[in-house]
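Listed here are the chains, written in short residue letters.
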Amino acid sequence: MRVASGQGFWGDDLEAPVRQVEGGPIDYLMLDYLAEVTMSIMQKQRARDPEAGYARDFVPLMERVFPACAERGIRVVTNAGGVNPVGCAEALVEAGRRAGVAGRAKVGLVTGDDLMDRLDELLEAGHALENMETGEPLSTVRDRVQSANAYIGAAPIVEALSLGADVIVTGRSTDTALTYAPIIHEHGWAVDDHDRIASGVVAGHINECGAQCTGGNCMIDWWEIPDLATVGFPIVEVAADGTFVVTKHDGTGGRITRASVTEQILYEMGDPTTYITPDVVADFSTIELDDLGGDRVRVHGVKGRAATDFLKVSIAYSSGWKAVGTLMYSWPDAAAKARSADRILRERMDRLGLSFDEVRTELVGWDSTHGMLAGDPPSDLPEVQLRVGVRSEDRASVERFTREIAPLVLTGPPSVTGFAGGRPRVQEIMAYWPALIRREAVESHLAVEVREV
Amino acid sequence: MTRVALVDLAHARSGDKGDTANVGVIAYDPAHYDLLRERLTPERVKEHFGPMVKGAVERFELPNLGALNFLLHGALGGGGTMSLMNDAQGKVFSTGLLRMEIDVPADVAEAVAGRGRVPEGWSP
């Protein structure tokens, strides 16, 4: 059975899912829209508009591919629901009707990952939701929490598939479960089939970032990777024993090799022996790769062990304000001018009594990617962009900062340009609070619903 | 021994988890995995990044993939939406690590010279 990857994040190539559906045989299309940062962006959108809070791109996309999926029996699994899966599923049903699949498709909706309304009840019941990095209890920031979602696993997706859902929308399902839930469903693996499920997790990890395993953002010999303009997104062909082949449709661009797959396996990797998911703990140090040639890499040997008693919870809380301003300085002595402007800006902000938790200065074109590893900039640098960011609990200080950039054009060092974009935007910071919760506290509240289009 | 930049011996990919960046380093030639393991100690990597990495550097070995995985704690200015960094999600800590210079046998240095760079005269 084949699970195709169609989106690796919210904002990915909009044509990729269409290529996956049109370009050859697939059984499932998985669309991953979520990341740590994405959830807090969606949360901000829902705060402004209760109808929002999900990956809106998903709805017009489904309107395009719904008829083809219905005809060919391709089922779609996505976490596009974000912090508003109900709103997403409702919009999806409407899209299905507009696409002419009424009576021919069912939408599955998974809810219960959202802990926001239950937060006080959970804290009172003794779930401290300590920060996994600092150990602090959530009570220290409780009044600033904006969203709290548990990462949920395969079970509710498998249930929705069993109930006949064709397109399944979830909230914070793990990225990997979107791939391995349909595999578990198709092959009928038992919950204690740890090695095979772990192999499914590896398939999910390879699929979850779209073209990042098929030649996109690939460092090895990137200059000779063919035709990235029409890059093929990955497809995993999974056997009943859990082994699988990573491939892509014929005629698409990009390249799949042992090395391209290895790069993706290492992406966002922690301790490779302990890759924790809600369904299994996978050991990535057991992965064996065989390059079969012809854009096919076989994956086997994966071992896993029982899942833990906990689920991870992704919590976002308001943590002040930030803004980033930029100005472009030209040769000669571009970096010296930019640094001088930075000094003047900081002196003015001091004199105004502005209060910041952090002021960060980078020179784009010199040190904004490698910091001090870049060394000192040469005096003949053709140009450099001054990039200053500020962060504060005091919104007024950040607001005032945004008005201090443009004046530098006429009141600071010479040969400066690139300020036409206007004043920097003040952004509310949604800080990330990772925590663990006993899984039964979440699983008892998971719900699966199937709606006719 | 000859000093070479890691960029000719390995490719890499990085990502983020909160305020931690990870860098996976993959030997171009699997025969060089042991050499990388010997040279790229967590201490050396921590020293290479200096004040860019506020916390500890952890290392994990993946001989099955000819790769090492490093966790750079406290590298992302608070991480996520908190960070003021251009590279708030640690996407290019990978190439930052590939700037590191290590001593390798002269024949290895000769064999790998230029491996990680665009060939001369290449155009898109």
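Residues numbered from 1 in each chain as written. Chains lettered and ligands numbered in written order. Predicted model: local features only at pLDDT ≥ 70, side-chain atom pairs only at ≥ 80, totals over all residues.

**Student:** Is there a simple way to explain the overall build of chain A in this structure?
**Tutor:** Each helix and strand counted, chain A has 13 helices and 19 strands in total. Relative to a compact globule of 453 residues, whose C-alpha radius of gyration would be 22 Å, chain A shows 24 Å and is just as compact. Judged by the C-alpha coordinates and their principal axes, chain A covers about 70 × 55 × 45 Å. Intrachain contacts of chain A at a sequence separation of at least 6 include 77% that bridge at least 24 residues. (Helix = DSSP H or I, 4+ residues; strand = E, 2+ residues; numbered from the N terminus. Rg over C-alpha atoms; globule rule 2.2 N^0.38 Å. Contact = placed C-beta atoms within 7 Å.)

**Student:** Could you clarify how one ought to interpret the overall build of chain B in this entry?
**Tutor:** Broken down by element type, chain B carries four helices and six strands. Seen in sequence order, chain B has helices and strands lined up from the N terminus as β-β-β-α-α-β-β-α-β-α. The C-alpha atoms of chain B give 15 Å as radius of gyration, which agrees with the globular expectation for 124 residues (14 Å, within 12%). Across its three principal axes, chain B shows a C-alpha extent of roughly 45 × 35 × 25 Å. Of the contacts made within chain B by residues no fewer than 6 positions apart, 62% connect residues no fewer than 24 positions apart.

**Student:** Teacher, can you tell me more about the domain arrangement of chain A here?
**Tutor:** Where interface size is given, it is often the accessible area lost as the parts come together that is meant. Residue and element names in this part refer to chain A. Taken domain by domain, chain A consists of domain 1 (2-113 + 151-308) and domain 2 (316-433). The C-alpha centroid of domain 2 is placed 38 Å from the C-alpha centroid of domain 1. Counting residues at the interface gives five residues for domain 1 and four residues for domain 2. (Domains from an automatic or database assignment.)

**Student:** What exactly am I supposed to notice about the pairing of strand E4 (residues 57-62) of chain B here?
**Tutor:** As paired elements, E4(B) and strand E5 (residues 67-72) of chain B share six bridges and run antiparallel to each other. Bridge assignment links Arg59(B) to a residue of E5(B), and that residue is Phe70(B). (Pairing = 2+ DSSP bridges.)

**Student:** Sorry if this is basic, but what is going on with the nonpolar core here?
**Tutor:** In summary, soluble globular proteins display a tendency toward joint burial of nonpolar side chains. Counting residues in each nonpolar core, the largest one holds 175 residues, and the members touching the most others are Ile157(A), Ile168(A), Val202(A), Val25(B) and Leu72(B). The element that contributes the greatest number of residues to this core is strand E14 (residues 310-330) of chain A, accounting for ten residues. Both domains that furnish three or more residues to this core are identified here as domain 1 (2-113 + 151-308) and domain 2 (316-433) of chain A. (Core = buried A, V, L, I, M, F, W, Y, C linked by C-beta atoms within 7 Å. Buried ≥ 20, exposed ≤ 12 C-beta atoms within 10 Å, placed from the backbone.)

**Student:** Teacher, can you tell me more about the sheet that holds strand E11 (residues 288-291) of chain A here?
**Tutor:** Sheet strands associate in pairs through backbone hydrogen bonding, adopting either a parallel or an antiparallel arrangement. Residue and element names in this part refer to chain A. Judged by pairing direction, the sheet is mixed, and its ten strands sit side by side in the order E11-E12-E8-E7-E1-E2-E3-E6-E4-E19 without closing on themselves. Lying at the two open borders of the sheet, with one neighbouring strand each, are E11 and strand E19 (447-452). With strand direction ignored, the average angle separating the axes of adjacent strands in the sheet is 20°. Pairing between strand E4 (residues 106-111) and E19: six bridges, direction antiparallel. (Axes fitted to C-alpha atoms, helices over the stretch in contact; angles between N-to-C directions.)

**Student:** Can you help me understand helix H8 (residues 194-207) of chain A in this one?
**Tutor:** Count 3.6 residues to each turn of an α-helix, and residues three or four apart come out pointing the same way. For H8(A), with 14 residues, the first-to-last C-alpha span of 20 Å sits near the 20 Å given by 1.5 Å per residue. By the criterion of burial, H8(A) is predominantly enclosed, with 13 of the 14 residues buried. (Expected span 1.5 Å × (residues − 1).)

**Student:** Would you mind going over the packing of helix H6 (residues 155-162) of chain A against helix H7 (residues 177-187) of chain A with me for this structure?
**Tutor:** Packed helix pairs are specified by the crossing angle of their axes together with the interaxial distance, meaning the distance between the axes. Residues and elements named next belong to chain A. The N-to-C vectors of H6 and H7 enclose an angle of 50°; their axes lie 9 Å apart at closest approach. The angle between H6 and H7 falls in the class oblique. The interaxial crossing formed by H6 with H7 has right-handed handedness. Along its contact with H6, which presents Ile157, Val158, Leu161 and Ser162, the element H7 presents Ala177, Ala181, Pro182, Ile184 and His185. (Parallel < 35°, antiparallel > 145°, perpendicular 65-115°, else oblique. Left-handed = near helix turned anticlockwise from the far one by under 90°.)

**Student:** Can you walk me through the interface of chain A and chain B in this structure?
**Tutor:** On the chain B side, the residues contacting the 43 residues of chain A number 34 residues. Taken together, the residues of the side of chain A that touches chain B break down into 20 nonpolar, eleven polar and twelve charged. (Nonpolar A, V, L, I, M, F, W, Y, C, P; charged D, E, K, R; others polar.)

**Student:** Could you clarify how one ought to interpret the pairing of E14(A) in this entry?
**Tutor:** Along any regular strand, the residues point their side chains to alternate faces of the sheet. All names here are of chain A. Counting buried positions along E14 gives 15 out of 21 residues, so the element sits mostly inside the fold. In the sheet, strand E5 (residues 145-150) pairs with E14 via five bridges, with the strands oriented antiparallel. In the strand pairing of E14, Ala150 is matched with Val313. By the bridge criterion, ten bridges tie E14 to strand E16 (residues 383-392) in an arrangement that is antiparallel. Across the sheet, the residue bridging to Met328 is Gln385, located in E16.

**Student:** Any chance you could explain the sheet that holds E5(B) here in plain terms?
**Tutor:** Read across the open sheet, the four strands follow the order E2-E3-E5-E4 (chain B); overall the sheet is antiparallel. The sheet is open, and its two edges are formed by strand E2 (10-17) and E4 of chain B, each paired on a single side. Averaged over all neighbouring strand pairs, the angle between strand axes comes to 20°, with direction disregarded. Taken strand by strand, helix H9 (residues 258-266) of chain A contacts E2, strand E3 (20-27) and E5 of chain B, and its axis lies near 155° from that of E3(B). Taken strand by strand, helix H2 (residues 42-49) of chain B contacts E4 and E5 of chain B, and its axis lies near 130° from that of E4(B).

**Student:** Is there a simple way to explain helix H2 (residues 36-48) of chain A in this structure?
**Tutor:** Burial in H2(A) covers these residues: Val37(A), Met39(A), Ser40(A), Met42(A) and Gln43(A). Taken together, the buried residues of H2(A) touch E5, E14 and strand E18 (427-438) of chain A.

**Student:** Help me understand the environment of Glu121(A), please; the structure alone is not making it clear to me.
**Tutor:** Residue and element names in this part refer to chain A. With respect to the element layout, Glu121 can be found in helix H5 (residues 119-124). Note on Glu121: 11 C-beta atoms within 10 Å, which makes it exposed. Expressed as a C-alpha distance, the spacing of Glu121 and Gly24, which sit 97 residues apart in the sequence, is 49 Å.

**Student:** Would you explain the environment of Val364(A) in this entry?
**Tutor:** Here Val364(A) lies in strand E15 (residues 358-364). You can call Val364(A) partly exposed: it has 16 C-beta atoms within 10 Å. Expressed as a C-alpha distance, the spacing of Val364(A) and Asn79(A), which sit 285 residues apart in the sequence, is 35 Å. Other than its neighbours up to four places away in sequence, Val364(A) contacts Val384(A), Gln385(A), Arg387(A) and Asn86(B).

**Student:** Just checking my understanding: could you explain the environment of Leu92(A) for this structure?
**Tutor:** All names here are of chain A. Within the secondary structure layout, Leu92 lies in helix H4 (residues 85-98). C-alpha of Leu92 to C-alpha of Ala150: the two residues are 58 residues apart in sequence and 23 Å apart in space. Apart from residues no more than four positions distant in its own chain, Leu92 is found in contact with Val59, Met62, Val107, Val167 and Val169.

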